[in-house]
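So the chains spell out like this:
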Amino acid sequence: MSQQQPITTPLFSQHSRSWQQNRYVYPVISRRSKGLSIGVNLNPDRICNFDCVYCCVDRGQGKLRRENVDLKVLQDELDGMLATVASGDIWQTPPFDTTPQPLRRLNDVAFSGDGEPTASPALLASSELVANLLVKHRLDAKIVLITNATLLDRSSLQPVLAFLDDHNGEIWAKLDAGDEELYRQIVRTQIPLQRILENILLAGQARPIVIQSMFLKLNGAAPSAQQIDQYAARLRELVAAGCRLRLVQVYTIARPVHEAGLEPLPGEQLDTIVAQLHRDGIPAEAYYAPAKYAL
Ligand code: SF4
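A quick note: this is a predicted structure, and the numbers were derived from the prediction, not measured.

Asker: Before we go on, may I ask you to explain the site of the ligand in this structure?
Answerer: The environment of the ligand is formed by C48, F50, D51, C52, Y54, C55, R59, G115, N148 and K174. Within the shell around the ligand, the residues separate by chemical class into five nonpolar, two polar and three charged.

Asker: What should I look at first to understand the environment of E263 in this one?
Answerer: Within the fold, E263 resides in strand 9 (residues 262-264). Using a relative accessible area of 32% as the deciding quantity, one classes E263 as partly exposed. When the C-alpha positions of E263 and A284 are compared, they lie 22 Å apart, and in sequence the two are 21 residues distant. Excluding residues within four positions of it along the chain, E263 makes contact with L216, K217, G220 and I253.

Asker: For this particular structure, what's the right way to read the packing of aromatic side chains?
Answerer: The description of two aromatic rings rests on the distance between their centres and on the angle between their planes. In total, this model carries two aromatic pairs according to the counting rule given. Seen in terms of ring centroids, F50 and Y183 are 6.2 Å apart; in terms of plane orientation they differ by 80°. Their pairing is edge-to-face. Pair noted here: F50 is in the loop between strand 2 (35-40) and helix 1 (71-87) and Y183 is in helix 4 (residues 180-187), with a separation of 133 residues, a long-range link. For F50, a relative accessible area of 5% puts it in the buried group. When its relative accessible area of 3% is taken as the criterion, Y183 is described as buried.

Asker: Quick question: what am I supposed to make of the pattern of salt bridges here?
Answerer: Side-chain pairing between opposite charges can occur once the charged atoms of the two side chains come close. Scanning the entire structure with this criterion turns up eleven salt bridges. Put simply, D79 and K136 hold a salt bridge, and the shortest N to O gap is 3.0 Å. Taken together, the positions of D79 in helix 1 and K136 in helix 2 (residues 123-136) put the pair 57 residues apart, joining distant regions of the chain. Taking the relative accessible area as the measure of exposure, D79 reaches 21% and is therefore partly exposed. Note that E170 is salt-bridged to K142, the shortest N-O span being 3.3 Å. Taken together, the residues span a long stretch of sequence, with E170 in strand 5 (residues 169-174) and K142 in strand 4 (residues 142-147) at a distance of 28 residues. Given a relative accessible area of 28%, K142 falls into the partly exposed group. The network of salt bridges with common partners includes D51, R188 and E259.

Asker: Would you mind showing me how to read the sheet that holds strand 8 (residues 245-251) here?
Answerer: Neighbouring strands of a sheet are bound in pairs by backbone hydrogen bonds; such pairs are parallel or else antiparallel. Strands sit in the order 1-2-3-4-5-6-8-10 across an open sheet of eight strands; the sheet is mixed. Each edge of the sheet is formed by a strand with only one pairing partner; in this case those strands are strand 1 (25-30) and strand 10 (284-287). With direction set aside, neighbouring strand axes in the sheet form an average angle of 25°. Bridge analysis of strand 5 against strand 6 (residues 209-214) gives three bridges, and the strand direction is parallel. Paired with A173 across the bridge in strand 6 is I211. Where helix 1 meets the sheet, its contacts fall on strand 1, strand 2 and strand 3 (106-111), and the angle it forms with strand 2 comes to roughly 170°. Against the sheet, helix 2 touches strand 3 and strand 4, its axis set at about 160° to strand 3.

Asker: Got a minute to help me understand the packing of helix 2 against helix 3 (residues 158-166) in this structure?
Answerer: Any two packed helices are characterised by the angle at which their axes cross and by the distance between the axes. Closest axis-to-axis distance for the helix 2/helix 3 pair is 9 Å, and the angle between their directions is 15°. Relative to helix 3, the element helix 2 is oriented roughly parallel. For helix 2 against helix 3, the interelement crossing comes out left-handed. Contacts between helix 2 and helix 3 pair L123, L124, S127, E128 and A131 from the former with P159, V160, F163 and L164 from the latter. Of the residues belonging to the contact of helix 2 with helix 3, the class tally is seven nonpolar, one polar and one charged.

Definitions and cut-offs
Residues numbered from 1 in each chain as written. Predicted model: local features only at pLDDT ≥ 70, side-chain atom pairs only at ≥ 80, totals over all residues. Heavy atoms only, no water. Near = heavy atom within 4 Å. Nonpolar A, V, L, I, M, F, W, Y, C, P; charged D, E, K, R; others polar. Helix = DSSP H or I, 4+ residues; strand = E, 2+ residues; numbered from the N terminus. Buried < 20%, exposed > 50% of the residue type's maximum accessible area, 1.4 Å probe, protein only. Contact = heavy atoms within 4.5 Å. Phe/Tyr/Trp six-rings, centres within 6.5 Å; stacked < 30°, edge-to-face > 60°. Salt bridge = Lys/Arg side-chain N within 4 Å of Asp/Glu carboxyl O. Pairing = 2+ DSSP bridges. Axes fitted to C-alpha atoms, helices over the stretch in contact; angles between N-to-C directions. Parallel < 35°, antiparallel > 145°, perpendicular 65-115°, else oblique. Left-handed = near helix turned anticlockwise from the far one by under 90°.

Okay, structure coming up:
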């Protein structure tokens, strides 16, 4: 029998990146953050080097055009948002006025948006801006970098990662499969899985990191036992090579996606994956589909 999620709310399914008139900053109540996460979207152009089947971003048909981040606008939006959080006004504002009490806490400001944040030239300046504004508003929160790990080896990214290390930062790196076939089915990229694993290792040797792994049913088929074994084996290899894993987040779809043929993985199967990782001594936690997807 599946463990029940301790606290749940329809807000887990509402991760709109639109908030009032903002271009970059949006609040969400997040399962994995166990509270409020302030999203910072550094990819308003929606360009990403992955094409995940479960991506919530509608990229339409035409070619996307690069768009630079306006740091002044980002600063004003985040300043206003954090003021709303610091004063508590966020909890009087729909839909956040329905947030269950235990989730009424700011967990993080997260670089997570409509593309891969590490591809944005504005990431370092934005990280500095986030750190300064958290201090200004006397808020204690993590700065989370949600990444597909493709660029973690870039030399230009190392100063950003060092800055985050010094400012309560945390890397959440995507690893959705341990074998090339499932990996390509899910994230649909030409970038080999091996490169992702090498980049995760590099980042995880330098500081503890979080792995985020999405599991789902694709056209009715859940990942096979062999595929889960392969996934667990990759994690064991990473640990054996010196990768420090703070947590592995085993999660499934929580909100509407654009692709047909996708369903959340039932809670029991998420629990089975977590139990397998626990047997290997790997810290892991399951995040279930909200009730709307109850199976
Ligand atoms: S890495 Fe993130 S933004 Fe890019 S396609 Fe996948 S889910 Fe979407």
